[in-house]
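So the chains spell out like this:
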Amino acid sequence: MSKRQQVHLPLEVRMVAKIGLSVAGAASLGLLAVLGLVSDDQAGSYGQIIGAFDLARQNLGPALLVLGLTLTGFAGISAWMFSLYASFRVAGPLYRMARDLEQQIDQGPVAPLPIRTTDRLQREWKAFEASVAALQAQHEELRQALGAVRRALGPNNETVDAATLASALARLKNTQQRVRL
């Protein structure tokens, strides 16, 4: 296949396919083993054939039940392990983002800690980082506009330059109106 025709399956699809193929392969091998164990290779006469059939009929049901329960257990444990692995790749970034938001609330604008490169939600993480950077820039712009208003008012509110104050207030109002949450 050329590079354009190659299909890249996500990890989840590949893992489910591996689980299904391994269960199907184990079922096939188990069925062959059960049939080999319950059959009699030395059936030569009619009486021996009937005896082997009776033996196989008695033992085939319990043997297939044990095989079926074993395969069901294997498939369940494999699917559980896979879902645990996959959930950590989603739950980890969500937990990290929640802690970063808590830090933003408690400590003010701080740089978020990055998630692992093997985690899912990479696109969402980049959007989260961009939004945190935009909020930090907005916070800094508001801080500077408020500082300009304070400087325009003067230290003791005695020397107020009306033009400078009007400009600083307009800048603060413009910055405040651009806040989008």
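Residues numbered from 1 in each chain as written. Predicted model: local features only at pLDDT ≥ 70, side-chain atom pairs only at ≥ 80, totals over all residues. Heavy atoms only, no water.

J.: Explanation requested: the overall build of the chain in the structure shown.
T.: Helix and strand counts for the chain stand at four helices and zero strands. Each helix and strand of the chain, ordered N terminal to C terminal, gives the series α-α-α-α. In the chain, buried positions account for 19% of the 181 residues. A fraction of 60% describes how many contacts in the chain between residues 6 or more apart in sequence connect residues 24 or more apart. By element, 64% of the accessible surface of the chain is carried by carbon and sulfur atoms, the whole surface being about 13,400 Å². (Helix = DSSP H or I, 4+ residues; strand = E, 2+ residues; numbered from the N terminus. Buried < 20%, exposed > 50% of the residue type's maximum accessible area, 1.4 Å probe, protein only. Contact = heavy atoms within 4.5 Å. Areas by Shrake-Rupley, 256 points an atom, 1.4 Å probe, with all protein chains shown as cover.)

J.: Teacher, can you tell me more about the packing of aromatic side chains here?
T.: The geometry of two aromatic rings is summed up by the distance between their centres and the angle between their planes. All chains considered together, the criterion is met by one aromatic pair. Ring centres 5.3 Å apart and planes at 35 degrees place the aromatic pair tryptophan 125 and phenylalanine 128 in the tilted group. Here the residue tryptophan 125 and the residue phenylalanine 128 both occupy positions in helix H3 (residues 122–153), the gap between them amounting to three residues, near one helical turn. This pair shows no difference in class: tryptophan 125 is buried, exactly as phenylalanine 128 is. (Phe/Tyr/Trp six-rings, centres within 6.5 Å; stacked < 30°, edge-to-face > 60°.)

J.: Teacher, can you tell me more about helix H4 (residues 162–177) here?
T.: Side chains that are three or four residues apart share a direction in an α-helix, a result of its 3.6 residues per turn. In this model, H4 (16 residues) spans 22 Å end to end at C-alpha, consistent with the 22 Å of a helix rising 1.5 Å per residue. When H4 is considered as a whole, its buried residues turn out to be Leu165, Ala168 and Thr175. The arc enclosing the buried residues of H4, seen along the axis, measures out at 95 degrees, which places them on a common side. Seen from the buried face of H4, the exposed residues on the opposite side, beyond 90 degrees, are Ala162, Ala163, Lys173 and Gln177. (Expected span 1.5 Å × (residues − 1). Arc of directions from axis to C-beta.)

J.: Would you mind showing me how to read the side chain of aspartate 100 here?
T.: Take aspartate 100: it is sitting in helix H2 (residues 46–107). According to the relative accessible area criterion, aspartate 100 is buried, its value standing at 1%. With residues near it in sequence (within four places) discarded, aspartate 100 still touches Pro112, Leu113, Trp125 and Phe128.

J.: Which parts of the structure should I look at to understand H3?
T.: Between its terminal C-alpha atoms H3 stretches 47 Å, which fits the 46 Å expected from 32 residues at 1.5 Å a residue. When H3 is considered as a whole, its buried residues turn out to be Trp125, Phe128, Val132, Gln138, Ala145, Gly147, Ala148, Val149 and Ala152.

J.: I'm lost on the packing of H3 against H4 in this one. Help?
T.: Packed helices, taken two at a time, are described by their axes: the angle between them and the distance between them. Relative orientation of the contacting elements H3 and H4 amounts to 160 degrees, with a least axis distance of 8 Å. Classified by the angle between their axes, H3 and H4 sit roughly antiparallel to one another. Crossing hand, H3 versus H4: left-handed. Judged by residue contacts, Gln138, Glu141, Leu142, Gln144, Ala145, Leu146, Ala148, Val149, Ala152 and Leu153 of H3 engage Thr164, Leu165, Ala168, Leu169, Arg171, Leu172, Thr175 and Gln176 from H4. (Axes fitted to C-alpha atoms, helices over the stretch in contact; angles between N-to-C directions. Parallel < 35°, antiparallel > 145°, perpendicular 65-115°, else oblique. Left-handed = near helix turned anticlockwise from the far one by under 90°.)

J.: Explanation requested: the environment of arginine 150 in the structure shown.
T.: Looking at the secondary structure, you find arginine 150 in helix H3. C-alpha separation for the pair arginine 150 and leucine 165, spaced 15 residues apart in sequence, amounts to 8.7 Å.

J.: So what exactly am I meant to see when it comes to the environment of alanine 26 here?
T.: As for its placement among the helices and strands, alanine 26 is situated in helix H1 (residues 11–38). For alanine 26, a relative accessible area of 28% corresponds to the partly exposed category. Taking C-alpha positions, alanine 26 is 9.5 Å from phenylalanine 74, a pair spaced 48 residues apart along the chain.

J.: I keep staring at the confidence of the model for the chain and nothing clicks. Help me out?
T.: As a note on interpretation, predicted positions should not be read in detail where pLDDT is low. Predicted confidence across the chain gives a mean pLDDT of 76, with 78% of residues reaching 70 or more. Mean pLDDT across the elements of the chain ranges from a minimum in H4, with 78, to a maximum in H3, with 81. (pLDDT = per-residue confidence, 0-100.)

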